[in-house]
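If you want the building blocks of each chain, they are given just below.
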Amino acid sequence: MAVGNGMGSAVDDLIELDGVEKVFQVRRKAGLMRRERREVRAVDGISFRVPRGEMVGYIGPNGAGKSTTIKMLTGILVPSGGRLRVAGIDPARERTRLARRIGVVFGQRTTLWWDLPLRDSYALVRRMYRIPDDRYRHNLDRCVELLNLGALLDVPVRQLSLGQRMRGDIAAALLHDPEVLYLDEPTIGLDVVSKAKVREFLRDVNAEQGTTVLLTTHDLTDIELLCKRVMVIDHGRLVYDGGLDGLHAVGESERTLVVDLERELPPIEVPGARTVRVEGPRQWLAFPANSSAAPIVAAVADGWPLVDLSVREPEIEDVIARMLHGAEDRAGRTS
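In short, a report on the structure. (Residues numbered from 1 in each chain as written. Predicted model: local features only at pLDDT ≥ 70, side-chain atom pairs only at ≥ 80, totals over all residues. Heavy atoms only, no water.)

As for the sheet that holds strand S7 (residues 212-216)
Pairing within the open sheet is mixed, and its six strands lie in the order S5-S6-S7-S3-S8-S9. Both edges of this open sheet fall to strand S5 (102-106) and strand S9 (237-243), since each of them pairs with a single strand only. Within this sheet the neighbouring strands show an average axis-to-axis angle of 15 degrees, counted without direction. Bridging between strand S3 (residues 55-59) and strand S8 (residues 229-234) involves four bridges; their strand directions are parallel. Considered in S8, the bridge of Ile 59 is made with Val 232. (Pairing = 2+ DSSP bridges. Helix = DSSP H or I, 4+ residues; strand = E, 2+ residues; numbered from the N terminus. Axes fitted to C-alpha atoms, helices over the stretch in contact; angles between N-to-C directions.)

Structural notes on the pattern of salt bridges
Applying the stated criterion across every chain, the model contains 26 salt bridges. Among the salt bridges present, the one from Arg 49 reaches Asp 18, with a minimum N-O distance of 2.8 Å. Of the two residues, Arg 49 sits in strand S2 (residues 35-51) while Asp 18 sits in strand S1 (residues 13-29), which places them 31 residues apart along the sequence. Note that Asp 90 is salt-bridged to Arg 85, the shortest N-O span being 3.6 Å. Residue class for Asp 90 comes out buried when judged on its relative accessible area of 18%. By relative accessible area, which is 22% here, Arg 85 ends up partly exposed. (Salt bridge = Lys/Arg side-chain N within 4 Å of Asp/Glu carboxyl O. Buried < 20%, exposed > 50% of the residue type's maximum accessible area, 1.4 Å probe, protein only.)

Concerning the packing of helix H3 (residues 118-129) against helix H5 (residues 162-174)
Interaxial distance between H3 and H5 falls to 10 Å at its minimum, and their mutual angle equals 20 degrees. By the angle between their axes, H3 is roughly parallel relative to H5. The handedness of the crossing between H3 and H5 is right-handed. Taken together, the residues of H5 that come into contact with H3 (itself represented by Leu 118, Tyr 122 and Val 125) are Gly 168, Ala 171 and Ala 172. (Parallel < 35°, antiparallel > 145°, perpendicular 65-115°, else oblique. Left-handed = near helix turned anticlockwise from the far one by under 90°. Contact = heavy atoms within 4.5 Å.)

All we've got here are geometric facts, nothing functional implied.
Take a look at the structure:
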């Protein structure tokens, strides 16, 4: 059962899933001359709503069913059961009509034309979506400015770095003013500067245009900086739906303060944190993920000969694992 609520009102819900399933038939070897067929439930009875204008993180371990859900929401895959609507449209039945109202970015593959420069790829997108000239020029100019694409417009896509191509893909997905934007690992493999540009742009698009965003990512910082609501999927089932603070609380997740001292010293002792590791002058202090690092940093700086420090966020996989482990423990105690 999913923890939390996060449901919007039915009138404003742009994305609706009720008991959605996706079952794949998989054949595998069961002997020298025999193969057996088994069912794999990639998505197993998921229900949720996303109101218009909301940015939602959709996270889970590899193979949890995130990308399968996105593919059903776009009409690429047909659900095996349940009801699914995006902007009132059944994606599998009216994929072409829905395409004009959604944008999709898959971090692992590009929607741009490999041998064409960005400018020509965008011109083709304009023709495909029949975008009016004035609207196209306005949207392109805005994307080029905010995503810093001006110097890249005449560069073939195959010559772009991963970060440059990702920014180019996001611009292409937004040229036709979609109501919904699906982002599947949009910052994967990007450097710090490129990630910051992409995150800032997405915040602006959501705030200024009210674009509804469903974001899958393995980078917890993406979720923290962009989304107030997060949904967790595991083995095809929705196991959490609520705020990020609630997820940290349920999973009892921790952040880590990495401290470099001038010399090797005994373990640091400060309120609100505990030292979990010491290697020479470097020490690791763990503290609750939903609490501020500021008082701990201040205490360390005030009482120890500090050279450098950094804060490490918990990995999404660790947060989910702790959450699920805690749920199992609670179920065991009540059984």
